[in-house]
Amino acid sequence: MSVSSYVTAGSVDDVLAALAGGARPVAGGTDLVVGARSGKSSLPESLVAIHRVAELRGVRVSADGLRLGALASHEAICENEEIQARYSALADACTIVGSHATRAQGTIGGNLMNASPAMETGGPLICLGATVTLRSAAGERTIGLADLFTGPGKTVAEPGELLISVDVPAPAAGTGSAYLRLEYRRQMEIAVVGASALVTVDGGKVTDARIAMTALAPTIRHVPEAEAALIGSDGGPAAIEAAGEAVAAASSPISDVRGSAGYRRAMAAVIAGRAIEQALARARA
Amino acid sequence: MTAVEEPRAAAFVRPDGKEKVTGAGRYTADLNLTGQLVAKFRYADHTHARILRIDTARARALPGVLAVVTHEDVPDVLYGGMVKDRRLFAKEKVRFEGDIVAGVAATTAEIAECAAALIEVDYEPLPAITDFEASMGEGSALVHDDWESYEADDALLRDGNRLGYSTIVKGDAAAAMASADVVVKSRFVTDPVQGVPIEPRAVIAQWQGDKVTVWTSTQVPYAARGGIAHTLQIPESNVRVIVPLLGGGFGAKCDFHFEGHVAALARAARRPVKLVFSRREEFFAVGHRREGMVIELETGARADGTLLARRGRLVLDKGAYCGEGGFFAQMAAMHALGPYKIETADIESSLNYSTNQPSSSIRAPTAPQVCWALEQHMDELAEALGMDPIDLRRHTLIEEGTVTATGQKLERIAMKETLEKAVELIGYGQELPEDEAIGVAVGWWPCFAASSGAYVKLNGDGSGTIITGAQENGTGAVMAMPKFVAEELGMQPEDFSILYQDTDAAPSDMGSCGSQTTFNSGRAVIAAAVDLREQLLDAASDKLEAARDDLELVGGAVRVKGSPEKTVTIADLAGSGTFHGKGSGEPPEGPPAEPAEGCVGRLGLESFHAPQLIAHAARVRVDRATGVVRVLQVAAAHDCGRILNRLGADGQVYGGVVMGIGQALSEGTQLDAEGRHRNAHLTDYKLVTASDAPQIDVAWIETDTPGAGPKGSKGVGEPPCVPTAGAIANAIAKVIGSRVRSLPMTPERVWDASP
C-alpha cells in the first residue's frame, strides 16, 4: 500500500477536517516512516501533515505549570532550562529518546499517541500529573494522561481526534523527579526497562510520591504499591528497596529479543530504585 | 625490531574521504539507467522444504511486470566455493530463510513486490536443521541429500552434514594431559554475527547484445564476474563488473552474491534492472555472516605454566551453503592453538551444514570467536596455576625460533613485544575502582599471498593514473596506493588518480579480502611504478645526456645527482612519449611446514604466512546490578610488519576495536526455532555507536618478517578484530568473579553469570 493522498494542513481545523475524512496525522514521521520501512505497519492511504500548524507548536512554562504543544520536539523540551530544573524526569526522557535526529524531528504528540509501552516520555508525564487535550470536529476533551493508554499502540482517542497539547501542573515545593532506563549502549536505545519517579520531601519525610514503569506492562502505568512504600517514609535505602521491589512485583514483562521476562523483572527493581534515588537527591537539592 | 611511535611522514589523507563524508560520493544505489526496472525476490517461505510446484502465471500477468525468473529460466548449474552446492534460484529444495525461489523485474518497487507475492509456491515442509552440533550426529536428516554428486575440493571430508573436517595432531596429547600438574576444561558457545555494512547492497545489470555490464557493491569484482559467467554459462569476457563507491563490506560483500540474479532478470526483461536491498534483507538474505560455534578446550600444563597438551573440539555452523567459507574448519583449528608454544595437540574442527543462514568470511573469519574462548581458557588456566595471566603468556607465547604444533618454524616475529606494549599502554596492575578491571588477550592472523597486477601510466600533463584490480572496501588500502607510487617516482600522491573498480580495465585481483590489498595489489602497483621509473630514467638519460646511474627522481623531476641545474621535469618528459609501467611483483613464498602426523583437512592454513601478531588490553566497567559493561579503554599493540601509512593503519585498529566491542557485548543474530532471524534490523541488532567507543591507544611493533609484502608490510585490516572480545571477556571475569561463556556477552548474560 502506498500513500495516495497527502495534504499539508495550515490550521487545526484543516487537520480535523482531514482526520474526519479518514486521514492519519504525521508530524516528525519518526514512528510512521520507520514502522513502514521495517514492515511493521504499512503507510496509511491518506496522510495529513501537521508540522506547519502554528497552534500546535510551543513550549510554555509559567508559574502554574507547563504547556507543550503537540509539535514540541524532544530537543526543544530537553534544552529548556526550566523543564530541566522543575520537570526533570521529562527532560531526562527527552534527552535520551532515540538519536540526535529522532530528538530533533520527533514530537511529544507523536510519542504519546504512538502509545508504545517502551516510550520515554509517558512515564515522566504520568508522574507529573499531565493531562492531554484531544480535539475533533465534534469538540474537545481533556483527560489524564494515565487514562490515554489502553494497550500497546492503542489509546482512547477516536479516529477523528487530534492531540492538541499536554498540560503539566507545577510541582509542589520540595519535589524532584527523574527518569532512568536500562541502556545496553549509550545512543540509539529503546527502553528494555524504564522507571520514572517523582517525590516530594518535607522535613526529612517523603510526603508524596509517583512511580511509573516503562516497558514492563502493556501500557506505561504508575505503581501505587511503590508509591505507598515511599509516602511517609524517610526515603532511606529500605524504603527505596521496598518501592523497587513493588515495581518488580507489579510488572508483567514479556520475553523477547531484548531480554527475558525474568531479567526485566529483576531490572525493574534496580532501575526503579535508581530513579527514586535520583528523584530524592533532586528533591533534597 | 622497532616500535613506531609517530607517523614517519606527514599524514596522508585518503582522496575518497571528502566525497564520502560530504555526501557527494555516488554509490551503486545512486545510479540510474534509462528504462531501468526494479528487482525484488521471492524468498523461501520455509527454512527447509521440498519445492513441489512453482507457478508464476499470476505474477507475470500483473501490469508493469516485465520479467519473472525461476530456476527454469537459467542454466541448471551449481555454484559455490570449495563445494558447488547452490543454484541462483532454488530448484528441489529451499534450505534457509533467504533462499531465493524467484526474481521479479517490474516498473516500480511496489509492483515488483506485489508480483513476488503473487508467485504460487507449493512446498512439502521439512524439519528445520538448526542445531549445527546435532546435525553431524548419526541419522541426522541431510541439508543436501545428494551432495556426493556435487563438485567439491578433494581436501574436504564430506560426511553426512559435515562439509569440512580438520584436525591438528602433534604427539600424544592424551598421555601428556595425564602427566600435567594442572588441567583446565572449558566450553563456550557463540551466536552468529553480521558484517552490517552501512550501505545495503545494490546491483544494476544492463545487457548490450550478448554482453552484460554489472554495477555492484562487491568487495570482489573478479569473483562476481566469474560467478555471473558460470551461472549464466556465458564467456567471462562478455561480463564487465564495475564497482562504484563501496559503503563498507567487512567481508560481507566478499563472494559472488546477487549479480547473477539481476543479470538474468535484465536479460529476460530486455531492460536494465536494479536491485537495492532493504536493511532487513541485508541481514537475513545475505549468504554471508560470521558463524555460530561451539568451542570446547582442554589444556594441561606443568606447574611452571609450560603447555604440555591442548585438546580442542570445535563445531562451526556453515549454514545452508558453502560460499567461500569452506576453509573455516582448519582456520578455526589454528586459532584453537593460538600463538602459543604447545608440546602436544589434538584439535578437531567440524564445519557443518544446517538450515541456517550460510556463513562466510567476516573480518578475520573464525578468529574472534575462537580467540575469545581460548583467551578466557588461558586466563582460567592461569588462575588454576596461581599465576598472573600476563606471566603465563610471557612464558608460553611464540617467539623467534618457536616450532609451532603444526611444524612451522617462526622467524623474526614480535608476539611477546606486542604483549609487553599493550600491558604498558593500559597500565596493567594499576589501582582501579572495584567495578573496573583490565583484561588482556592475544591472537594471530596470516597473510595471504596471491598474484596481482597493475599499470601506472603517465598523462600528458605529467600527472599519473594507477590502474589496479584491487577493490576499495573502505579500508583506504587502495586509496593509499598513490603514496607508494609517488615515493617510487619522486612525485606527490596528489599527482595520481586511481582507476580501480572495472574488471575490463585492470588485471585480475583477489579483491578486498584477507587483508591482502597492500600485500599483493600494493606489491603490483609498486612494481608497475618501478617499471615506469626505468622508462623515465631512460628518456631522461637521452635528454640530459647523462648516465642513467647518475640520475635521480626528486620533486617531480629527473635530475643529475649533485648537479641540480641539469634537470628535466616529469611533465616535460610525459609529453615526449607514451610512458606506462606494468607490474605484478613476485608473491612471497609461503613458510615451509613439516606436515604434522595424522592431520586431515589440510587446506594450506597449517602454517601461517608472515603471521600478524596482536595483543589487546581492555579496561572495562561492569555494572554488577544490571550486567551492563562499558569498555573504557583499549590498548592495541600489533606486529604487522613495516607500517607504510600510519594514519590508515591506525584507522583500521580503531574500526576493528569498535567492531570487536560490538561482537563482544551486543552484536548477535537471534534465530527462532525454524532458523529465522528475530532481530534483522538495527534497533535490536545492536552495533556500537560513536558514543560507546572508548579511548583506543595504538602501538606498532615493526619487524622484518620473512615472506612479508612490499617494503616489509603485513596485513592490518583483520587483526584488530581478533582479540578484542577476549580481552573484554577477561576483564569482565575479573570484576564479576566468574566467566561469561556465551558470545555476545549481553547485559543479561553477564548478569546471569554473576554469582
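Note that the coordinates shown come from a computational prediction; the quantities given were computed from them, not determined experimentally.

Comments concerning the packing of helix α10 (residues 237-250) of chain A against helix α11 (residues 261-284) of chain A
All names here are of chain A. Between α10 and α11, the shortest axis-to-axis distance is 7 Å and the interhelical angle comes to 140 degrees. Classified by the angle between their axes, α10 and α11 sit oblique to one another. Handedness of the α10/α11 crossing: right-handed. Contact with α10, carried on its side by Ile240, Ala243, Gly244, Glu245, Val247 and Ala248, involves Arg265, Ala268, Ala269, Ala272, Gly273, Ile276, Glu277 and Leu280 of α11 and no other residues of that element. Classifying every residue of the contact of α10 with α11 by side-chain character gives nine nonpolar, two polar and three charged.

Some words on α11(A)
With 24 residues, α11(A) should reach 34 Å at 1.5 Å per residue; the first-to-last C-alpha distance of 34 Å fits that figure. Along its length, α11(A) reaches its greatest deviation from straightness, about 25 degrees, at A:Met267.

Focus on unusual backbone geometry
All names here are of chain B. Note the cis peptide between Leu743 and Pro744, where omega equals 0 degrees. If you trace the backbone, Pro744 turns up in the loop between β28 (742-743) and α17 (747-753). With phi around 55 degrees, Phe250 is a residue other than glycine that occupies positive phi space. Mapped onto the elements, Phe250 comes out in the loop between β12 (239-242) and α6 (259-269). Even without a glycine there, the phi angle at Lys711 is positive, about 60 degrees. Counting through the fold element by element, Lys711 comes out in the loop between β27 (695-702) and α16 (724-736).

Structural notes on the packing of aromatic side chains
Residues and elements named next belong to chain B. Inspection of the entire model under this criterion finds 13 aromatic pairs over all chains. On the numbers, 6.0 Å between centres and 85 degrees between planes, the contact of Phe41 with Tyr43 is edge-to-face. Assessed through its relative accessible area of 6%, Phe41 is described here as buried. Classification of Tyr43 as buried rests on a relative accessible area of 12%. Site record: aromatic cluster; members linked through ring pairs are Phe41, Tyr43, Phe258, Phe277 and Phe284.

Brief notes about the environment of A:Ile190
Inspection of the secondary structure puts A:Ile190 in the loop between β11 (175-181) and β12 (194-202). Relative accessible area serves as the criterion here: at 25%, A:Ile190 is assigned to the partly exposed category. Considered as a pair, A:Ile190 and A:Ile96 are 94 residues apart in the sequence and their alpha carbons are 9.1 Å apart. Contacts of A:Ile190, omitting those with residues within four sequence positions, involve A:Ala118, A:Arg258, B:Thr683 and B:Lys686.

Reading the values: the criteria
Residues numbered from 1 in each chain as written. Chains lettered and ligands numbered in written order. Predicted model: local features only at pLDDT ≥ 70, side-chain atom pairs only at ≥ 80, totals over all residues. Heavy atoms only, no water. Axes fitted to C-alpha atoms, helices over the stretch in contact; angles between N-to-C directions. Helix = DSSP H or I, 4+ residues; strand = E, 2+ residues; numbered from the N terminus. Parallel < 35°, antiparallel > 145°, perpendicular 65-115°, else oblique. Left-handed = near helix turned anticlockwise from the far one by under 90°. Contact = heavy atoms within 4.5 Å. Nonpolar A, V, L, I, M, F, W, Y, C, P; charged D, E, K, R; others polar. Expected span 1.5 Å × (residues − 1). Bend = angle between axes of the 7 residues up to and from the residue. Phe/Tyr/Trp six-rings, centres within 6.5 Å; stacked < 30°, edge-to-face > 60°. Buried < 20%, exposed > 50% of the residue type's maximum accessible area, 1.4 Å probe, protein only.

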